[in-house]
Each structure stands twice: as structure tokens, then as C-alpha cells.
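Here's the letter readout for the chains.
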Amino acid sequence: MAARICSSVLRFVILLTIIANPSSFFGLASASSDDFSIVGFDWDLFHQDYSPPAPPPPPPHPPSVSCEDDLGGIGSVDTTCQIVSDLNLTRDVYIEGKGNFYILPRRSVNCFIAGCEITINVTGNFSLGENATIVAGTFELAAHNATFGNWSLVNTTGLAGDPPPQTSGTPQGIDGAGGGHGGRGACCLTDKEKLPEDVWGGDAYSWSSLQTPWSYGSKGGTTSKEVDYGGGGGGRIKLEIGNFLEMNSSLLADGGDGDPRGGGGSGGSIFIKARKMVGSGRVSACGGNGFAGGGGGRVSVDVFSRHDDPKIFVHGGSSSGCQQNSGAAGTFFDAVPRSLIINNHNMTTDTDTLLLEFPNQPLMTNIYIRNHAKAAVPLLWSRVQVQGQISLLCNGVLSFGLAHYSLSEFELLAEELLMSESVIKVYGALRMSVKMFLMWNSTMLIDGGGDANVETSLLEASNLIVLRESSVIHSDANLGVHGQGLLNLSGPGDCIEAQRLVLSLFYSIHVGPGSVLRGPLENAKTDAVTPRLNCDIQHCPFELLHPPEDCNVNSSLSFTLQICRVEDILVEGVVEGSIVHFHRARTIAVQSLGTISASGMGCIGGVGKGMVLSSGIGSGGGHGGKGGEGCYNGSYIEGGIVYGNSDLPCELGSGSGNESVAGSTAGGGIIVMGSMEHPLTSLSVEGSVVSDGESYGENKVNSTVDGSGGGSGGTILVFLHALDVTESGSLSSAGGHGSPNSGGGGGGRIHFHWSDIPTGMYTSQ
């Protein structure tokens, strides 16, 4: 029925159309097939590049005011206009002329209305005399030359008009949070279920225009529904000078301070363009102070020749309600070198400055994050790419992704990455490609979140990687570190660690005294990527004897720490892992303080696992030798069995047998140096190469077992041409000690494929 009704309605509409315009119907009926052909269609339309429509032109300026009649000055704007007395305005003013415009010393031109605009556009020169003042919401100047005298002032602090539409710079609610703009505003609300960086006030905006900023700052929040205690946003200042700018004044677009019960306003915008600039003035677009500080604004300077450096500030405002959490820093863009500077001037904060989409052409040259500034790249699958340097100094922080949501992969590309007393956090995976990576008392933390899609990070530095002064690279997932030059862990506290770690393609690796290479982690989180150990197989995994040549991070392989295609390896610190593999290395030198260790990093269970009785005694794990028996008060328990291939061993040691109980012991891991196809040229040992089983109580975990046997020794397998072991050097695959009345672990296996041993000793108990 419904179909018949729709059909009838359609026929009726067609009939009305024919009656109203019969020619259109009969013309259609008589049309030739060419009228519907695509042959004659104008295909050029599809071959033209698409250009988005141009933005609408700015509204026209109002007519210019006159010098004498409207401004009370002397002269004309088409010759020379001088402001000789104080001027208080109550509306926007547009001044245009072909001459000069001078504001004499100690004179003031003021418009105290929020958003009030003073625009001066002259083809001649502009001068703001000594101690002269301009106050407005917006000050815009275009002139051929400009001079801002000593102690003069252009002030738009707290006088912002409306921020751009569809932005959230003004915080909602009654938390008294700070306003946002270049950086987020602070929020002093305490939420125990969230991290400090998960809570902020007004949000950032106008990232896309940071090179030519022209947005007002935003108002701070309040703590009252009845009274607005928030500080006003910072205003706007634009100087476009055709030739020479002398700047000895203060240009202020700071956010206004809030009442003690309100947040500070965010900083506004300052844009300076000139051919040449001298002077040592002050340029400031800082956040206002308040119960929570406002975020900094945005400043851009495009000056070809800058002989003096004015002091430029874009830091966040201080927070009286949470003194360690000021507003986030704003942005300062230096246009000629194309450098982005984020500097919070040592004001501590938990609040972020957002870095959004980076330009592809032309690329930025440098990014500097310094003095407690905290920058974040929140967009998933983002790339941060610059032509020059990324530098984090003096407690700078750079974060990729969102805490709790390790779902994405990020890219970082630069010539140099320099870190000094700073932190990089990655929530997800990182692909880094630089020529030089230097760390001084700094940390890189990579949180893979247990997501298989982002479980592998790759750090590539083609020339040099240096860690100094307790610097740490830490990943709870898979990590590959690649280069073509030197990797240097200089001294105590320097560490590279991951659940699975691959270091490859370097010419040389130096593990300095007190430094550590580790894979897997000592105390990994429950959601960390966990390497799978083949504890229940007796045969050797193929890749241990015939490793792949590509040196890629491959989670299907059994290595937990691999050093691949590195010419020379000098160990003065610690290299430790469950399965440590050196592939296509030329020389390995273990100095007197150095250790290569897989001790206690094998299996808690395993083929030769011991046993634990309810009476509280246990037996040791077996491997190359049988595990020790446990005997006490008439109870007896057999030790773990002997297993593996004595001719070519590569098995994990076995533990005390109870994997579910804290305090159980583990066997030794596996250390393989070289391969059948690519043996070492030489191995020199002055320190120790150990794969001992774990002894009872060694792991310092509160044991729930009264007695546990020791773990068995693991495997040390070396393919080499020459071995030099000094009197202080040792290679050991001993079993661990058991608890009183429990058995010790059996010895492991040490095997050499060698052609010459000048001196040496090794022990296997």
C-alpha cells in the first residue's frame, strides 16, 4: 500500500512539472545521446590543483582621525603629528597618514576599555618618547622606522577582548583555574584518581598562528558563582616596521592577576617584524598570577638583523593555591632561524604547553624546551621534525601521547637531540632518527602499556650517543638502539634498559664503570611486555647458533639483550640479561670492574627444576649437574635432573620449581658470544662473565617458602679465535646455594669453540 501511494505521488509531481514547463519535458525527450555523453565533458576541471577558498578580507578600517581636532596634537598625520598632552580615549582609534607620528616624552595615550584598539599606520617614522605610555587592549603599529625610548611602555596587560571563537581558553566551573592560550592554565583542584598532568584549567589555542600570533589571551576562572574573581587575558601588540626599530621600552601583553579567589588570565600576543632592531627592552606575554596561574601567551619576532637581545618572557603565572604548579609556558617563535622556544623561567609546573601539528615545508630549525617548561605532543601518530636541534635543558620535559593511553607511535627527527637535566616521556612507541644524541643527568621513559601494536621503539643516532651523569633510557617494552658511530655509557648511574633490548650497527660500544645495559627489567610492571623464556625445551633454539643477520628487534626470537654488528665492545660496567647474545662482534673486552651476567635470570621452573615439600625443604635445580637433594627430619627430596647438550649447550638453568611463590630461586640464563659463521676475533676477560644460579634469599623478596633449593647454573657459549683470561678474570656457571636443609643448584655449562687460548681459567661447580 505504501509503495502504491509513493508511486502515485511521484506521477502527480511529474505531471505538475510538465504542465508548468512543457518545453523542458519535450526538450529532454528530444535530446540526443551526445547530450548525455561524457566525451565532450570538460575534463580540465579535474586536472587543476585544488586551492581552498581565500579567507574573507578583514573589515575595512574606519576613517583616520585627525591630529589636531581628534587627538589634540600639533601638526598633521600627513606631515608630522606630535602628541604633546595626555590623551584618554573611550573608543577604538585608527590613525593613518603619509607622515610621522611622535608621542613626546612623559605623555600617555590610554584606552582602559577591554579590547580597545589603537592602530597607527604611517609611511614615515614613529617615536614613543622616554617615559611615555600607551595603554590599550590592542596596539598595532606600521611605520618605516620606529623608536621606543628609554623606560617607555606599551601595556595591554589584562585588557583582552574576546578570544577566538570555539576555543576553551577560559576555564569552566568554579575551581579558580588559570586561563589558557600559548600554554594551558594551571588548576589547583586535587583529584587522587588522576595524575597531576591530567588536570588543567583553560586550554591552549592558536597553535597554527604561532609564527604571526594575533589572538587575545583568556580570562582566568573564579571560585564563586556570584562574583568573577578571574584576571583578564593579555592583549595584542603588533609592530610591523619596514626598516629600523630601536626598542628600549617594555611591550607587555601579560595576563591580568586574579583575585586570591580567582585564576590568572593567560598572556596575549606580541608580533614584531623589522629589518633591523637594536635595544635591550622587555617583551612579555606571561600568564597572570592568581589562585591558579594563567598560561603564557605567544610571541614571535621576525627581525633579520638583531644587534641586541631584548628580554623575552612567556612563562606561566604563579599559583597561590598550588605553589609548585604554575601556569604552563607560552611560545616564543624566532622567525629568522625558525626556532621555537618554550621557557618557563624556572617556574615549576605540572601543566603542559601543547605542540600540535608541525609544518612540513618549511621545517622548523630548532626547538628549545627549558627552565621547567613542560611540553606535550598529545595528538596520536604525530611527527616532530626539525632541520636542526631539539634541546631540553634545566628540567625541561617533553611528553608524547597521553598517560594511561599507550596506543600510538610517534616520530622524532632532527640533527641533534640534546638533553641536560631533563625528561622525555613516551606513552606508546617512539621512532627517533638523529645524528647525535647527548644526555646529561636526563631520562627517557617509554611506556608501551602492554599494547602489542606499539611494543617496539627504535632510537637511531647515526654518529654518536652519549649518556653521562646518571642518564637513563628506560622502556617497559621492546627497544632497539641503532647507530654507526659510538655508544658511550660514561659512568655510574648511566643505564639503557628494556624488556627486550637490541643494540646494533655501532662501530664501538663502551659500557663505563657503574653503568648498565639490561634486558629484561629488574622490577617490571605487570602490564609490561614480557619476553617469553623457553624453559621447557631441551634443544637449542635455532637463532642462538645461527642468528639472523638483520639485527632487527624481533619479539619472536629468544634474545632479551642482543648486541649485533658492533666492531668493538668494552665493558667496564654491567651487561645483564636472561639471554645475552653478541652477534658479529669483532672484540669483547671485559675490564676488571666489568661484568657480563645472566646470573639468576633463567627459569624458576624448567626441565631440571627442583621441588619443595610442605615440610619446608626443597631440592636444587639441575642442568649440567644434578641438583642437590633436600633432607631434614626424615624427609628427603630428589634434586633436579641433568639435561641439555654437553657438546653444544645453550639451555637456560632451572630453578627451585615453584613459580607461583615469592622467594623461589631461578637458574642462570644464557650468554652467547659469536656464532658458528661469525666467531669473535678475541675475548679478553679481566672481570667476570657469569651465568650462575640464584641462591636462596638472594632476590631480597619476602619469602613465603620456608626452604627453597638453589637454581642451577646456566650456559656460557663462546665462538672465538682467541681468549685471554687474566688472573683476576673468571667465567662461571655455578649453581646457587639452597636454604638450610635444602639442596643447592647443579652447575651449568661453559663451552668454547676456539682456536687459541694463551692463558686462562674458568670454574664450573
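Since this is a predicted model, take the numbers as computed values, not measurements. (Residues numbered from 1 in each chain as written. Predicted model: local features only at pLDDT ≥ 70, side-chain atom pairs only at ≥ 80, totals over all residues. Heavy atoms only, no water.)

Chemist: Describe the overall build of the protein, with residues and values.
Modeler: A count of helical and extended segments in the protein gives four helices and 51 strands. Burial analysis of the protein (765 residues in total) assigns 54% to the buried set. Roughly 32,800 Å² of accessible area belongs to the protein as shown, and the carbon and sulfur atoms make up 52% of that amount. (Helix = DSSP H or I, 4+ residues; strand = E, 2+ residues; numbered from the N terminus. Buried < 20%, exposed > 50% of the residue type's maximum accessible area, 1.4 Å probe, protein only. Areas by Shrake-Rupley, 256 points an atom, 1.4 Å probe, with all protein chains shown as cover.)

Chemist: Describe the pattern of salt bridges, with residues and values.
Modeler: A pair can form between side chains of opposite charge whenever their charged atoms are brought close. Under the defined criterion, the tally for this structure stands at 20 salt bridges. Between aspartate 228 and lysine 219 there is a salt bridge, with the nearest N and O atoms lying 3.8 Å from each other. For lysine 219, a relative accessible area of 31% puts it in the partly exposed group. Across the salt bridge formed by aspartate 568 and arginine 586, the nearest N and O atoms sit 2.9 Å from each other. Linking aspartate 568 in strand β37 (residues 568-571) with arginine 586 in the loop between β39 (579-583) and β40 (587-590), this pair joins segments that are 18 residues apart in sequence. The exposure class assigned to aspartate 568 is buried, which follows from its relative accessible area of 16%. (Salt bridge = Lys/Arg side-chain N within 4 Å of Asp/Glu carboxyl O.)

Chemist: Break down the nonpolar core for me, citing the residues and quoting the values.
Modeler: In this structure, Leu417, Phe437, Met444, Ile496, Ile596 and Met673 are the most contacted members of the largest nonpolar core, which totals 79 residues. With seven residues, strand β28 (residues 423-440) is the single largest residue contributor to this core. One finds Phe101, Val122, Ile134 and Tyr368 within the second-largest nonpolar core, a separate group that totals 50 residues. (Core = buried A, V, L, I, M, F, W, Y, C linked by side-chain atoms within 4.5 Å.)

Chemist: Tell me what's going on with the sheet that holds strand β15 (residues 282-284), and back it up with residues and numbers.
Modeler: Read from one edge of the open sheet, seven strands run β3-β6-β9-β11-β13-β15-β17, paired in parallel fashion. Sheet topology places β3 (87-88) and β17 (311-313) at the edges, where each strand pairs with a single neighbour. Here strand β9 (residues 133-135) pairs with strand β11 (residues 153-155) via three bridges, running parallel. Residue pairing in the sheet places threonine 133 in a bridge with leucine 153 of β11. (Pairing = 2+ DSSP bridges.)

Chemist: Describe the pairing of β37, naming the residues involved and giving the relevant values.
Modeler: Relative to β37, strand β34 (residues 508-511) runs parallel, the two being bridged by four bridges. By the bridge assignment, histidine 510 is partnered in β37 with leucine 570. Across four bridges, the pairing between β37 and β40 is parallel. Opposite aspartate 568, over in β40, you have threonine 587 as the bridge partner.

Chemist: Report on the state of the cysteines, specifying residues and quantitative values.
Modeler: Here the structure, examined in full by the defined rule, presents five disulfides. Residue pairing for cysteine 67: its cysteine sulfur links by disulfide to cysteine 81, the two sulfurs lying 2.1 Å apart. Of note, the bridge from cysteine 67 to cysteine 81 carries an S-S torsion of about 85° and is right-handed in sense. Linking cysteine 67 in the loop between α3 (44-47) and β1 (74-75) with cysteine 81 in strand β2 (residues 80-83), this pair joins segments that are 14 residues apart in sequence. Cysteine 67 sits in the buried class, given a relative accessible area of 2%. Covalently, cysteine 551 is tied to cysteine 564 through a disulfide, its sulfur atoms 1.9 Å apart. One disulfide, between cysteine 551 and cysteine 564, carries an S-S torsion of -55° and so falls in the left-handed class. (Disulfide = S-S within 2.5 Å.)

Chemist: Tell me about the environment of leucine 505, residues and numbers included.
Modeler: Structurally, leucine 505 can be placed in the loop between β33 (495-504) and β34. Given the relative accessible area of 43%, leucine 505 is considered partly exposed. The residues contacting leucine 505, other than those within four sequence positions of it, are Gly483, Gln484, Cys564, Arg565 and Val566. (Contact = heavy atoms within 4.5 Å.)

Chemist: Can you break down unusual backbone geometry residue by residue, with the values?
Modeler: With the exception of glycine, most residues fall at negative phi, and the peptide bonds are largely trans. The amide bond that connects glycine 519 to the next residue, proline 520, takes the cis arrangement and shows omega of 10°. The backbone of asparagine 131 shows a phi angle near 60°, a positive value even though the residue is not glycine. Backbone geometry places histidine 345, a non-glycine residue, at a positive phi of 50°. Tracing the backbone through its elements, the reader meets histidine 345 in the loop between β19 (339-343) and β20 (353-354).

Chemist: So what's going on with a nonpolar patch on the surface? Which residues, and what values?
Modeler: Together, Leu402, Tyr405 and Leu407 give the surface a local cluster of nonpolar side chains, amounting to about 300 Å² of exposed area. Within the secondary structure, leucine 407 sits in the loop between β25 (397-400) and β26 (408-413). (Patch = residues over 30% accessible without salt bridge, like charges linked within 9 Å, V, L, I, M, F, W, Y side chains within 5 Å.)

Chemist: Just give me the short version of the pairing of strand β27 (residues 416-420), but keep the residues and values in it.
Modeler: In the sheet, strand β24 (residues 389-393) pairs with β27 via five bridges, with the strands oriented parallel. Following the sheet pairing, isoleucine 390 is matched in β27 by leucine 417. Direction of pairing for β27 relative to β28: parallel, over a ladder of five bridges. Within β28, the position partnered with leucine 417 by the bridge is phenylalanine 437.

Chemist: Before we move on, could you go through the packing of aromatic side chains and cite the residues and values that matter?
Modeler: Note on aromatic pairs: each is described by the distance of the centres and the angle between the planes. The tally for this structure, following the rule as stated, stands at five aromatic pairs. Through a chain of ring-to-ring contacts, the aromatic side chains of Phe101, Phe126, Phe139 and Phe148 assemble into a single cluster. A cation over a ring is seen here: lysine 238 above tryptophan 214, with NZ or CZ 4.4 Å from the ring centre. (Phe/Tyr/Trp six-rings, centres within 6.5 Å; stacked < 30°, edge-to-face > 60°. Lys NZ or Arg CZ within 6 Å of the ring centre and 35° of its normal.)

Chemist: Requested: an account of the side chain of serine 475, with residues and values cited.
Modeler: As for its position among the elements, serine 475 is in strand β31 (residues 472-483). Within the structure, the side chain of serine 475 is placed 3.1 Å from the backbone nitrogen of alanine 477, a separation counted as a polar contact. Setting aside anything within four residues of it in sequence, one finds serine 475 in contact with Ile446, Glu497, Ala498, Gln499 and Leu521. (Polar contact = N/O pair within 3.5 Å; in protein donor to acceptor, adjacent residues only side chain to side chain.)

Chemist: Give a detailed account of the confidence of the model for the protein, specifying residues and quantitative values.
Modeler: In the predicted model, the protein carries a mean pLDDT of 88, and 89% of its residues have values of at least 70. Every residue in residues 1-50 is under pLDDT 50, and counting partners more than four places away or in other chains gives five contacts. (pLDDT = per-residue confidence, 0-100.)

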